[in-house]
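Residue-level listing of the chains:
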Amino acid sequence: MAGAGLRAAARRWLLCGEQGGPRAASTSPSCPGCGPPGPGAHCPGTPRSAPVGGAELSAHLWARYQDMRRLVHDLLPPEVCSLLNPAAIYANNEISLRDVEVYGFDYDYTLAQYADVLHPEIFNAARDILIEHYKYPEGIRKYNYNPSFAIRGLHYDIQKSLLMKIDAFHYVQLGTAYRGLQPVPDEEVIDLYGGTQHIPLYQMSGFYGKGPSIKQFMDIFSLPEMALLSCVVDHFLGHGLEFDQAHLYKDVTDAIRDVHVKGLMYQWIEQDMEKYILRGDETFAVLSRLVAHGKHLFLITNSPFSFVDKGMRHMVGPDWRQLFDVVIVQADKPSFFTDRRKPFRKLDEKGSLQWDRITRLEKGKIYRQGNLFDFLRLTEWRGPRVLYFGDHLYSDLADLMLRHGWRTGAIIPELEREIRIINTEQYMHSLTWQQALTGLLERMQTYQDAESRQVLAAWMKERQELRCITKALFNAQFGSIFRTFHNPTYFSRRLVRFSDLYMASLSCLLNYRVDFTFYPRRTPLQHEAPLWMDQLCTGCMKTPFLGDMAHIR
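These numbers come from a predicted model, not from an experiment.

Enquirer: Looking at this structure, how should I read the UniProt feature "binding site: Mg(2+)" (unreviewed entry) in the protein?
Expert: Per the UniProt entry, the sites bearing "binding site: Mg(2+)" (unreviewed entry) are Asp-106 and Asp-391 in this numbering. A stretch of 286 residues holds the annotated residues, and the largest C-alpha distance among them is 7.7 Å, short enough that they meet in one place. By the secondary structure assignment, Asp-106 is in the loop between strand S3 (102-105) and strand S4 (113-114). For Asp-106, a relative accessible area of 6% corresponds to the buried category. Filtering out sequence-adjacent residues up to four positions away, Asp-106 remains in contact with Leu-111, Leu-299, Ile-300, Thr-301, Lys-333, Tyr-388, Phe-389, Gly-390, Asp-391 and Asp-396. Polar contacts involving the side chain of Asp-106 include one to the side chain of Lys-333, which spans 2.9 Å. Mapped onto the elements, Asp-391 comes out in the loop between strand S15 (386-390) and helix H13 (393-404). Its relative accessible area of 5% is what places Asp-391 among the buried residues. Discounting chain neighbours no more than four positions away, the residues touching Asp-391 are Asp-106, Asp-108, Tyr-109, Thr-110, Arg-152, Asp-219, Ile-220, Asp-396 and Ile-411.

Enquirer: I would appreciate a short explanation of the packing of helix H3 (residues 118-132) against helix H7 (residues 245-261) in the present structure.
Expert: At a closest axis distance of 8 Å, the pairing of H3 and H7 adopts a crossing angle of 120°. In terms of their interaxial angle, H3 and H7 are classed as oblique. In terms of crossing hand, the pair formed by H3 and H7 is right-handed. For the pair formed by H3 and H7, the contact residues are Ile-122, Ala-125, Ala-126, Ile-129 and Leu-130 on the first element and Asp-251, Val-252, Ala-255, Ile-256, Asp-258 and Val-259 on the second. Taken together, the residues of the contact of H3 with H7 sort by class into 9 nonpolar, no polar and 2 charged.

Enquirer: Please explain the UniProt feature "binding site: GMP" (unreviewed entry) in the protein as it appears in this structure.
Expert: According to UniProt, the feature "binding site: GMP" (unreviewed entry) maps to Asp-108 in the numbering used here. Inspection of the secondary structure assignment puts Asp-108 in the loop between S3 and S4. Look at Asp-108 and you get buried, because its relative accessible area is 11%. Among all residues touching Asp-108, those that are not within four sequence positions of it are Tyr-114, Phe-221, Thr-301, Ser-303, Phe-307 and Asp-391.

Enquirer: Looking at this structure, how should I read the pattern of salt bridges?
Expert: Pairing is possible between side chains of opposite charge, provided their charged atoms come close. Taken as a whole, this structure holds 34 salt bridges when the rule is applied. The shortest N-O distance in the salt bridge between Glu-349 and Arg-321 comes to 2.9 Å. Placement of Glu-349 in the loop between strand S13 (344-347) and strand S14 (366-369) and of Arg-321 in the loop between helix H11 (305-315) and strand S12 (326-329) is noted, with a sequence separation of 28 residues between them. Owing to a relative accessible area of 58%, Glu-349 belongs among the exposed residues under this scheme. Residue Arg-321 is classed as buried on the basis of its relative accessible area of 13%. Close ionic contact of Asp-515 with Arg-513 constitutes a salt bridge, the shortest N to O distance being 2.8 Å. Residues joined in a network through salt bridges with shared partners are Arg-127, Asp-128, Glu-132, Glu-138 and Arg-141.

Enquirer: Teacher, can you tell me more about the side chain of Asp-167 here?
Expert: By the secondary structure assignment, Asp-167 is in the loop between strand S6 (162-166) and strand S7 (172-179). When near neighbours in sequence (up to four residues on either side) are disregarded, Asp-167 contacts Thr-484, Asn-487, Pro-488, Thr-489 and Tyr-490.

Enquirer: What is the right way to look at the sheet that holds S15 in this model?
Expert: By way of backbone hydrogen bonds, the strands of a sheet pair with one another, either parallel or antiparallel. Within the open sheet, the 9 strands sit side by side as S1-S17-S16-S15-S3-S11-S12-S14-S13. Their pairing is mixed. The sheet is open, and its two edges are formed by strand S1 (90-91) and S13, each paired on a single side. Relative to S15, S3 is paired through 4 bridges, and the arrangement is parallel. In the sheet register, Phe-105 faces S15, and the bridge partner there is Phe-389.

Enquirer: Teacher, can you tell me more about the nonpolar core here?
Expert: For soluble globular proteins, the rule of thumb is that nonpolar side chains tend to be buried together. If you look at the biggest cluster of nonpolar residues, it comprises 143 residues, and the most contacted ones within it are Tyr-107, Phe-324 and Phe-375. Take this core: its biggest share by element is 9 residues, from helix H6 (residues 222-238). If sequence neighbours within four positions are ignored, Tyr-107 has contacts with Ala-112, Tyr-114, Ile-277, Leu-299, Thr-301, Ser-303, Phe-307, Val-308, Gly-311, Met-312 and Met-315. In this structure, Leu-61, Val-72, Ala-436 and Val-455 belong to the second largest nonpolar core, which totals 18 residues.

Enquirer: Quick question: what am I supposed to make of the packing of H13 against helix H17 (residues 490-498) here?
Expert: Think of two packed helices as two axes; the pair is described by the angle between the axes and how far apart they sit. Two elements in contact, H13 and H17, have axes whose closest approach is 9 Å; the angle formed by their N-to-C orientations is 40°. The pairing of H13 with H17 is recorded here as oblique in orientation. Where H13 crosses over H17, the handedness of that crossing is left-handed. Touching Leu-393, Tyr-394, Leu-397, Ala-398, Met-401 and Leu-402 of H13 are Tyr-490, Phe-491, Arg-494, Leu-495, Arg-497 and Phe-498, all from H17. Its residues assigned to classes, the contact of H13 with H17 comprises 10 nonpolar, no polar and 2 charged.

Enquirer: What's the story with unusual backbone geometry in this structure? I'm lost.
Expert: Excluding glycine, most residues fall at negative phi; most peptide bonds, likewise, are trans. Geometrically, the link from Lys-333 to Pro-334 is a cis peptide bond, its omega value of 5° lying close to zero. Structurally, the position occupied by Pro-334 is in the loop between S12 and S13. The phi angle at Lys-135 is positive, at roughly 60°, despite the residue not being glycine. On the secondary structure map, Lys-135 appears in the loop between H3 and strand S5 (155-157). Residue class for Lys-135 comes out exposed when judged on its relative accessible area of 67%. For Gln-330, which is not glycine, the phi dihedral falls at a positive 45°. Checked against the element boundaries, Gln-330 lands in the loop between S12 and S13. Residue class for Gln-330 comes out partly exposed when judged on its relative accessible area of 29%.

Cut-offs applied
- Residues numbered from 1 in each chain as written.
- Predicted model: local features only at pLDDT ≥ 70, side-chain atom pairs only at ≥ 80, totals over all residues.
- Heavy atoms only, no water.
- UniProt positions renumbered as here; feature names shortened; annotations may be inferred.
- Helix = DSSP H or I, 4+ residues; strand = E, 2+ residues; numbered from the N terminus.
- Buried < 20%, exposed > 50% of the residue type's maximum accessible area, 1.4 Å probe, protein only.
- Contact = heavy atoms within 4.5 Å.
- Polar contact = N/O pair within 3.5 Å; in protein donor to acceptor, adjacent residues only side chain to side chain.
- Axes fitted to C-alpha atoms, helices over the stretch in contact; angles between N-to-C directions.
- Parallel < 35°, antiparallel > 145°, perpendicular 65-115°, else oblique.
- Left-handed = near helix turned anticlockwise from the far one by under 90°.
- Nonpolar A, V, L, I, M, F, W, Y, C, P; charged D, E, K, R; others polar.
- Salt bridge = Lys/Arg side-chain N within 4 Å of Asp/Glu carboxyl O.
- Pairing = 2+ DSSP bridges.
- Core = buried A, V, L, I, M, F, W, Y, C linked by side-chain atoms within 4.5 Å.

Encoded structure:
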């Protein structure tokens, strides 16, 4: 219904001028009011003779602006919102589940989804460790966890104490750089990197987002870590305390690690499964359905057996191990996928290590550590018939896709919230008008007299305001985890590179048949001339496919 409304509005605008007369698409690559004027060029619906300058030209530009406003209004009827389904699975690569024989899973934030109430507890425990064990100032205790501060996928420049959002081309998104809890002016950011927004990540960060200078926060557990790091830096800067940036960063990351290593997080979850674990019944439904259709299942997790066992008993029941052909705990990913040296060790029913050599991986048994090369040799599960799900793009998915040819599925819990925002009328209108205004700026920039430059400057100001509004809909400081103002984020780039599918939760599989084929949408490249709003407005249509209007986001 929404697609039909878009097509009808587009067709009305293209076929009828403002007086109701016929309008034909221009075949000229440039015409007055749309681009650089050329001999004999003319855009339908505009005067035959272009204004020569001054107030007349300024009025012409604003007339084109009003044309665009009307078009955008007509193209977005109320039913255009809610086009995206938060429970859908989105494909980066074509994949048929009919061909998948083996399903693998991570545990944390894949099989087990955790409630956000876990994050402030991690923050508070690590903050107290800093004060009590690392002797940090008592004043840090006044800081509480702010769930609205950071987003996943940010980079942290250790030597500059700078938390920032970087796009797919390694450029900092201006307005998204923070030192402590305070934004850093754009001019200072550019100056810090030698007069550019570009960050040479290949020099400063390794493949897994961990380098000597810059760290990328990729997993969901990193949200309280970023918040604590920013709060501690804020306290030191606010009180004029000298500190070594590298020492402070290491202390905070070690305190967060201690929360996990000392088992504090495991204890909280085990004591109140109902409070912390979400969608357990849906996890059970997914696993049962796959087994019922003859699929093989395995689990590879870094978490300890006792913790996984209690969580799976809560979600699935005491016989959960009978669903899995292989269960591997404390696997030490990502080195599990690259290091051949660690052998598998069997655990008994009490979780104690056994000493016998592993010559086969048995159903119902628990194994610890090991490596993927022995796993492949013992199971013979290879290539695209294996589909592995995880939440960490580096630790869970990257090596499996690049080195071993497995199919991969990324679990991105933030996707559900972001899609709900995208489906709002405010976002849809803001983004569409922003795209349209950008097209106007591009086409009208040939007019460089004083009055025209004032009009263009006003449009540029409005465009920047629209970008900031759209960004703040997702997160006031950093915006969407998937987009900078116009480019994909560095996180998005890795998501597309390392996952065939991505979804908000494993339960999304329940919406599809086990033989379903996922087809990625053909996203137009820049030179393929998609049907953008600005081309509609000026009449300079480069493609006649009005049906594509249904896919404009």
